Amino acid sequence: MPKDTMFAPQDAATGAIFSADAEPFRRNFTKQPFQLTHAFADSQLFTLPRLARAAEQLIEQGRGHRFMARRGVAGVDDGWDAMPAVDSAIESFGEENAWMKVTALNEADPEYVDFLDAVLDESDAMAGWGFKETVTHAQMTAFISSPGITAPYHIDHEENFLCQVYGEKDVCVYDTTS
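Residues numbered from 1 in each chain as written. Predicted model: local features only at pLDDT ≥ 70, side-chain atom pairs only at ≥ 80, totals over all residues. Heavy atoms only, no water.

A. The overall build of the chain, seen in detail. Counting secondary structure elements, the chain contains four helices and five strands. Secondary structure elements of the chain, listed N to C terminal, follow the sequence β-α-β-α-β-α-β-α-β. Counting all 178 residues of the chain, 31% fall into the buried class. When the accessible surface of the chain is totalled, it reaches about 11300 Å², and 52% of it is carbon and sulfur. (Helix = DSSP H or I, 4+ residues; strand = E, 2+ residues; numbered from the N terminus. Buried < 20%, exposed > 50% of the residue type's maximum accessible area, 1.4 Å probe, protein only. Areas by Shrake-Rupley, 256 points an atom, 1.4 Å probe, with all protein chains shown as cover.)

What follows is the structure, given as structure tokens:
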């Protein structure tokens, strides 16, 4: 269980971080999309101030490449020099076309390490086949945006969980069976 005292588990009786229908999870894990529920919005780990602090910690640690942000409409020739500072990025979320990405939160703060470890442990137990032994790299990335942002089509690394914490998101997933 993460050390985050503000974290409320999805299932208070079991302390589970997320819940999913066991059979579809086992059948589809690493193969097809499936639905799970969580209470991550109840955790202080996923508040804007805490995510901003993680971004600032990464920058202070010399890992500034783990933080990216945009505000307003960026031109093709703007380059990354137009990237706002963390506090400016946070303030711009009320604007159209503002976003911030913090990659490898678990490199910034040990509480994210604990959280990621707990998610991996739960996933391993639910999958029922010891997938955690095959994991060579695990990280947490937060993408925070103002409403209406469209991410370009892209391919993520291997398996991952997309967990919407606040607001709504439409997701198009490539059909791997065709």
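B. Representation of the nonpolar core within the structure. Ranked by internal contacts, the top residues of the largest apolar core, which has 35 residues, are Phe67, Met100, Leu105 and Phe115. Going through the elements one at a time, helix 2 (48–60), strand 3 (67–70), helix 3 (86–91), strand 4 (99–103), helix 4 (110–127) and strand 5 (141–145) are the ones with two or more residues in this core. Among the elements that take part in this core, helix 4 stands out by supplying eight residues, more than any other. For leucine 105, the contacting residues outside a window of four places in its chain are Leu51, Ala54, Tyr112, Met140, Thr141 and Ala142. (Core = buried A, V, L, I, M, F, W, Y, C linked by side-chain atoms within 4.5 Å. Contact = heavy atoms within 4.5 Å.)

C. The arrangement of the sheet that holds strand 5 in detail. Strands sit in the order 3-4-5 across an open sheet of three strands; the sheet is antiparallel. Looking at the sheet topology across the chains shown, the edges are occupied by strand 3 and strand 5. Across the sheet, the mean angle separating the axes of adjacent strands is 5 degrees when strand polarity is ignored. Relative to strand 4, strand 3 runs antiparallel, the two being bridged by four bridges. Considered in strand 4, the bridge of phenylalanine 67 is made with valine 102. (Pairing = 2+ DSSP bridges. Axes fitted to C-alpha atoms, helices over the stretch in contact; angles between N-to-C directions.)

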